[in-house]
Amino acid sequence: MTHRKSLSLNWRRIPERYQLLGNECATCGAVFFPPRALCSKCRRKGTLEDKKLGGLGEVFTFTAVRSPPEGFEHQIPYVLAIVKLKEGPFITGMVTDVEPQEVSIGMPVRSVFRRISEDGKHGVINYAFKFVRA
Amino acid sequence: MFGIVGWGAYVPQFRIRVDEIARVWGREPREITDGLGVSEKAVANYDEDTATISVEAARNALRRGQVNSKKIAAVFVGSESHPYVIKPTAATVVEAIGASPYLTAGDLEFACKAGTAGMQACLGMAKSGMVEYGMTIGTDTAQGRPGDALEYTAASGGAAFIVGAKPAAEIIDTCSYTTDTPDFWRREGAEYPSHGGRFTGEPAYFKHVVECTKQLLSKTGTSVKDIDQVIFHMPNAKFPSRAAKLLGIPPEKMERGLVVKSIGNTYSGSSLLGLARVLDQAKPGETILVTSFGSGAGSDSFLLKTTKEIAGLAERAPTTQSYIDRKKYLDYAVYAKIRRKIKHE
Ligand SMILES: [Zn+2]
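Source: prediction; values computed, not measured.

> What exactly am I supposed to notice about the overall build of chain B here?
Scanning chain B from terminus to terminus reveals eleven helices and 14 strands. Since a compact globule built from 345 residues should have a radius of gyration of about 20 Å, the 19 Å found for chain B is in line with a globular shape. Projected onto its principal axes, the C-alpha coordinates of chain B cover approximately 55 × 45 × 35 Å. Here chain B, with 345 residues, has 61% of them falling under the buried criterion. Looking at chain B as shown, the accessible area adds up to about 13,100 Å², and 53% of this sits on carbon and sulfur atoms. One way to put it: in chain B the 42 positive side-chain charges average out to a point 2 Å from where the 38 negative ones average out.

> Looking at this structure, how should I read the interface of chain B and chain A?
Where the parts come together, the accessible area they lose is often given as the size of the interface. Across the contact, 26 residues belong to chain B and 24 residues belong to chain A. Summed over both sides, the interface between chain B and chain A buries roughly 2,100 Å², with carbon and sulfur atoms accounting for 47% of that surface. It is Tyr46, Asp47 and Tyr84 of chain B in chain B that bury the most area against chain A; as a group they hold 25% of the surface buried on that side. Remark: the boundary between chain B and chain A carries six salt bridges. Viewed at the interface, chain A and chain B are joined by 17 residue pairs in polar contact (both at pLDDT 80 or more). Elements supplying a minimum of two residues to the side of chain B that touches chain A: helix H3 (50-65) and helix H4 (89-96) of chain B.

> Can you help me understand the sheet that holds strand S6 (residues 133-141) of chain B in this one?
Either a parallel or an antiparallel arrangement is found when strands of a sheet pair, and the pairing is made through backbone hydrogen bonds. Residues and elements named next belong to chain B. Sheet architecture is open: nine strands sit in the order S5-S4-S6-S7-S1-S8-S13-S12-S11, paired in mixed fashion. Two strands lie at the open edges of the sheet, namely strand S5 (104-108) and strand S11 (229-232), each paired on one side alone. Across the sheet, the mean angle from the axis of one strand to that of its neighbour is 20°, orientation sign disregarded.

> Sorry if this is basic, but what is going on with the nonpolar core here?
A general feature of soluble globular proteins is that nonpolar side chains tend to end up buried together. All names here are of chain B. Ile4, Met135, Phe161 and Leu275 are the most contacted members of the largest nonpolar core, which totals 89 residues. Considering each element in turn, this core owes the most residues, seven residues, to H3. Contacts of Met135, omitting those with residues within four sequence positions, involve Ala58, Ala61, Leu62, Ile72, Ala74, Val75, Phe76, Ile97, Cys122, Phe161 and Ile162. The next biggest cluster of nonpolar side chains, apart from the first, holds 22 residues, and it includes Tyr205, Leu216, Leu217 and Ala244.

> Can you help me understand the coordination of the zinc ion in this one?
Tetrahedral coordination by four donors sets the ideal angle at the metal to 109.5 degrees; octahedral coordination by six donors sets it to 90 or 180 degrees. All names here are of chain A. Taken together, Cys25 (SG), Cys28 (SG), Cys39 (SG) and Cys42 (SG) make up the protein donors of the zinc ion, found 2.3 Å from the metal. The coordination sphere of the zinc ion comprises four donor atoms, whose angles at the metal cover 104 to 113°; the geometry is tetrahedral. Each donor residue of the zinc ion lies on one chain, and together they are spaced C-x2-C-x10-C-x2-C.

> Please explain the packing of aromatic side chains as it appears in this structure.
Remark: the centre distance and the inter-plane angle together describe each pair of aromatic rings, the angle taken between the planes. In total, this model carries 14 aromatic pairs over all chains according to the counting rule given. Taking 5.0 Å as the distance between ring centres and 75° as the angle between the ring planes, the aromatic pair formed by Phe60 of chain A and Phe90 of chain A counts as edge-to-face. Linking Phe60 of chain A in strand S4 (residues 56-65) with Phe90 of chain A in strand S6 (residues 90-95), this pair joins segments that are 30 residues apart in sequence. Since its relative accessible area comes to 47%, Phe60 of chain A is described here as partly exposed. Judged by its relative accessible area of 42%, Phe90 of chain A is partly exposed. On the basis of an interplanar angle of 70° and a centroid distance of 5.5 Å, the ring pair of Tyr205 of chain B and Phe293 of chain B is categorised as edge-to-face.

> Would you mind showing me how to read H3 of chain B here?
Residue pairs spaced three or four apart in an α-helix point in one direction, given the helix's 3.6 residues per turn. Residue and element names in this part refer to chain B. If you check H3, its first and last C-alpha atoms are 22 Å apart, about what 16 residues at 1.5 Å a residue would give, namely 22 Å. Burial analysis of H3 places 15 of its 16 residues in the buried class, which makes it a mostly covered element. A distance of 2.9 Å separates the backbone nitrogen of Ala51 from a side-chain oxygen at the start of H3, and that oxygen is part of Asp49. One or two positions beyond H3, positive phi appears at Gln66, with a value near 45°.

> Got a minute to help me understand the packing of helix H5 (residues 114-127) of chain B against helix H9 (residues 270-280) of chain B in this structure?
Helix-helix packing is described using two parameters, namely the angle between the two axes and the distance between the axes. All names here are of chain B. Running from N to C, H5 and H9 point in directions that differ by 65°, and their axes come no closer than 7 Å. Of the residues in H9, those in contact with Gly115, Thr116 and Met119 of H5 are Ser271, Leu272 and Leu275. Looking at side-chain class alone, the contact of H5 with H9 contains three nonpolar, three polar and no charged residues.

Rules of the game
- Residues numbered from 1 in each chain as written.
- Chains lettered and ligands numbered in written order.
- Predicted model: local features only at pLDDT ≥ 70, side-chain atom pairs only at ≥ 80, totals over all residues.
- Heavy atoms only, no water.
- Helix = DSSP H or I, 4+ residues; strand = E, 2+ residues; numbered from the N terminus.
- Rg over C-alpha atoms; globule rule 2.2 N^0.38 Å.
- Buried < 20%, exposed > 50% of the residue type's maximum accessible area, 1.4 Å probe, protein only.
- Areas by Shrake-Rupley, 256 points an atom, 1.4 Å probe, with all protein chains shown as cover.
- Lys, Arg positive; Asp, Glu negative; His and termini not counted.
- Charge placed at Lys NZ, Arg CZ, Asp CG, Glu CD.
- Contact = heavy atoms within 4.5 Å.
- Buried area = accessible area lost by both parts, 1.4 Å probe.
- Salt bridge = Lys/Arg side-chain N within 4 Å of Asp/Glu carboxyl O.
- Polar contact = N/O pair within 3.5 Å; in protein donor to acceptor, adjacent residues only side chain to side chain.
- Pairing = 2+ DSSP bridges.
- Axes fitted to C-alpha atoms, helices over the stretch in contact; angles between N-to-C directions.
- Core = buried A, V, L, I, M, F, W, Y, C linked by side-chain atoms within 4.5 Å.
- Donors = N, O, S within 2.8 Å, 3.2 Å for Na, K, Ca; no water.
- Tetrahedral: all angles 85-135°; square planar, octahedral: opposite > 155°, others 65-115°.
- Phe/Tyr/Trp six-rings, centres within 6.5 Å; stacked < 30°, edge-to-face > 60°.
- Expected span 1.5 Å × (residues − 1).
- Nonpolar A, V, L, I, M, F, W, Y, C, P; charged D, E, K, R; others polar.

Below you can see the structure in the form of structure tokens.
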């Protein structure tokens, strides 16, 4: 049986999803996540280098998802947050091991490694970072 | 001198009380908790599995050992609950900890002792100079058939160990004891394991743990008096205590590693989480004995001695006890949902 649903898309994003691998402009110090091909300020004058982000940050804003997309039905209600990382970038991720009412803006969080979704009973399991209360 | 350079634990935050499980199945709670010496067990969240638990434990081991993950040249993940039948958990782990791609990796299976088998493989590879550092991980998200005796203790958790030179705990020696014993098994495609009931005690657990430990003591010329801390595989709190009694080991030498009482039997994680907790609290110069047990059946014994390198290591990453203390209780219905015991199709 072949399972092609987003297989190559998910595979290409393994470094950023598994290790929070972003990049940093050696010229101006700006940090990007997901990694960018060009620095947004320096453009072609910037030199981008891989940077592993520490995963610490705080909740900038969040929402509780109660009508989930396919594959997320068993995790509702779950919290989707925009997290401001210590290094600067804002990143979107799920907050796990909490009830929505336990989450607040400004809450310190750290990243963990979790299952995100699975392609049915026979397909691949997708893993990535999520956040938990720090 | 070779041994453990860094170690890391991880235990999921959810717990279910043994008396809650007993209530659902109409059993007398006191009878069950007294019989096992276990009051609650750790339960993985819906989004946790052997890969995610292994990654958290491995990251803690790297922090504690302050080892660059690119220097880890071998990673073994021992478990009986690998997420895939074909597709290695170890490949996911090495990618997530940044050890990929120049290393060897593999999944090991030997019921609850696969993680200690990995420790022996790493020790051999480090000692021979084949790798600078090897990492072994023992993790499970153990499942008991609903209503079965094993459901009261089958728990989730794991621990990771980096093996190399300049250790915080030298592995002085190791040995094993292996036979074909049908005490516990799971056939291909079967959802839950089966066990030989009373057969799991005398010819399986006790024989292997006791004989393997005796072999190590005689091989190293060590007496029970010389050992400060002892960890045996913990299917419940009663079995390791009885094995200790058979070997003349006083209960106070077992207490620090007896993590089963409040998190349950984490299978491949069990003796290794006990060892992690013992190392968290160890001072230089302590002698530690570990004997794992895996059904089928076999035991691996290790004699360790902590060195001055261990000072200050515990605080570099969350301790085993901090994970044991961090908990949220579930009722049986939610537990059944997140452990995928409710069938939808
Ligand atoms: Zn720039």
